[in-house]
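Here is how the chains run, residue by residue.
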Amino acid sequence: MRKLCPNYDREDALDTVLEVPIPEEMFTKMGNNSASRWQNMRALMSAQAAADKSTPLQSKSNNEFIALLKLVGSPLIPFQARPDQPLTRPLKDCSIEASTAKYIVQQYIAAIGGALALNSVKSMCAVGQVKMAASEMHQGEDSAHAEGKSEVGGFVLWQKNPDLWYLELVVSGYKVSAGSDGKVAWNQSSSQASHANRGPPRPLRRFFQGLDPRCTANLFLEAGCITEKKVNDEDCFVLKLETDSNTLKAQSSSNTEIVHHIVWGYFSQRTGLLVKFEDTKLVKMKPIKGNDNVFWETSIESVVGDYRYIEGINVAHSGKTTATLHRYGASHNHKRKIEETWMIDEVDFNICGLSMDCFLPPADLKREQGGEQ
């Protein structure tokens, strides 16, 4: 990962420290020579559109590519985090499925480092790299396959508690930022204005890809164990969570209705670790005229692995996320697939000096919050 960029404007100047470290492959692709790479890098650091770039990931426009980046790079889960909750729950009056899930989560907590280690974590920083590929939007029920040229990038993720977090993701010269200040979750990009997510602030989905075991344990303590399945020849217990109607309503809008949002966790019977995180979201788009609703179904599954201990906590260091986007209804029937292979380069816990100022939303978001988002 490249963390410094030479200053080509002045030979005697110090190297520029990149806010988001990027893979060497991405830096090489940012231009045909040193001058053009420096120009594009400066534009990227200023959250502007770089000069020399097409629209990758089989997308037809910059906005479409940004939408794909947000879809797989910075989605939220539907549930609020509850950091004040203990890592145990009473079994009284629980169903068989719920009590089994609580037992499985206790095995997961033990495998990940234990409750004492998890409770000692107050903040986190992770630096990683990604490689993305996508299919075109094609018609019919046949499964889509991600193909074409892969795009590379990097990300930095800061977290103080599940409701205080900030992500910067850079892929192929485009930048997406997302965060939460504990009151509102938001996202923005180098080519689009900031946008507030509806409903109360929620954690980033990427935390549940093996990066935040405490959040993962707290989430699935409310789940039920529904079945057993194999993931990469690993026998797993499958835990399931369904979003309640009040939460779905809070996250819907006047012209979009979230019909359901379901989350599954696959925990290894052999190691106790989370090996797969999956969620499916169905949104109904209400037409301006007529009665023909259009449905968008997004299914995202992340297979995680390469667990390594960092300060006594077992953290997943690599994985693959596959997102399938299906649009149907009103004579539409289209599918698209986006794949992200990711790797964690650095993880640190209990970061000194991480204040509330690090999680403030963009200034233009504050001006917009008077209206409906």
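Residues numbered from 1 in each chain as written. Predicted model: local features only at pLDDT ≥ 70, side-chain atom pairs only at ≥ 80, totals over all residues. Heavy atoms only, no water.

The protein carries the name lipase in an unreviewed UniProt entry, which gives Salix viminalis as its organism.

Engineer: Looking at this structure, how should I read the overall build of the protein?
Structural biologist: Scanning the protein for helices and strands turns up eight helices and 16 strands. Counting across all 373 residues of the protein, residues that qualify as buried make up 51%. Considering only contacts in the protein between residues 6 or more positions apart, those separated by 24 or more positions represent 62%. As displayed, the protein has an accessible area near 17300 Å², and 49% of this comes from carbon and sulfur atoms. (Helix = DSSP H or I, 4+ residues; strand = E, 2+ residues; numbered from the N terminus. Buried < 20%, exposed > 50% of the residue type's maximum accessible area, 1.4 Å probe, protein only. Contact = heavy atoms within 4.5 Å. Areas by Shrake-Rupley, 256 points an atom, 1.4 Å probe, with all protein chains shown as cover.)

Engineer: What is the right way to read the packing of aromatic side chains from this model?
Structural biologist: The relation between two aromatic rings is expressed through the spacing of the ring centres and the mutual angle of the planes. Tallying each qualifying case throughout the model produces seven aromatic pairs. Between tryptophan 165 and phenylalanine 207 the ring centres are 6.3 Å apart and the planes differ by 90 degrees, which places this aromatic pair in the edge-to-face class. On the criterion of sequence distance, the pair formed by tryptophan 165 in strand 6 (residues 164-171) and phenylalanine 207 in the loop between strand 9 (195-196) and helix 6 (213-220) is long-range, its members being 42 residues apart. There is no split in this pair, since tryptophan 165 and phenylalanine 207 are both buried. A centroid spacing of 5.9 Å and a plane angle of 40 degrees characterise the contact between tyrosine 166 and tryptophan 186, whose relative ring orientation is tilted. In this pair, tyrosine 166 sits in strand 6 while tryptophan 186 sits in strand 8 (residues 185-189), placing the two residues 20 residues apart along the sequence. One exposure class covers both tyrosine 166 and tryptophan 186, and it is buried. Taken together, the ring pairs connect Tyr108, Phe208, Phe220, Phe267 and Phe277 into an aromatic cluster. Over the ring of phenylalanine 155 we find arginine 206; its NZ or CZ atom is 4.7 Å from the centre of that ring. The ring of tyrosine 266 carries the charged tip of lysine 276 above its face, separated from the ring centre by 4.8 Å. (Phe/Tyr/Trp six-rings, centres within 6.5 Å; stacked < 30°, edge-to-face > 60°. Lys NZ or Arg CZ within 6 Å of the ring centre and 35° of its normal.)

Engineer: Got a minute to help me understand the packing of helix 4 (residues 96-112) against helix 6 in this structure?
Structural biologist: The description of two packed helices rests on the angle between their axes and on the distance between the axes. Helix 6 packs onto helix 4 with a crossing angle of 170 degrees between their chain directions and a minimal axis gap of 9 Å. Comparing the axis directions of helix 4 and helix 6 gives the class roughly antiparallel. Facing helix 4, whose interface residues are Ala101, Val105, Tyr108, Ile109 and Ile112, helix 6 presents Pro213, Thr216, Ala217 and Phe220. Broken down by class, the residue content of the contact of helix 4 with helix 6 amounts to eight nonpolar, one polar and no charged. (Axes fitted to C-alpha atoms, helices over the stretch in contact; angles between N-to-C directions. Parallel < 35°, antiparallel > 145°, perpendicular 65-115°, else oblique. Nonpolar A, V, L, I, M, F, W, Y, C, P; charged D, E, K, R; others polar.)

Engineer: Before we go on, may I ask you to explain helix 6 in this structure?
Structural biologist: Residues that lie three or four places apart on an α-helix share one face, since the helix turns once every 3.6 residues. For helix 6, a buried count of eight out of eight residues is recorded, marking the element as mostly surrounded by other parts of the structure. Of the residues making up helix 6, those classed as buried are Pro213, Arg214, Cys215, Thr216, Ala217, Asn218, Leu219 and Phe220. If you check the start of helix 6, you find a side-chain oxygen 3.3 Å away from the backbone N of arginine 214, and it comes from aspartate 212. (Polar contact = N/O pair within 3.5 Å; in protein donor to acceptor, adjacent residues only side chain to side chain.)

Engineer: Sorry, what's going on with the side chain of glutamine 209 here?
Structural biologist: Structurally, the position occupied by glutamine 209 is in the loop between strand 9 and helix 6. For glutamine 209, the side chain forms a polar contact with the side chain of serine 302, separated by 3.3 Å.

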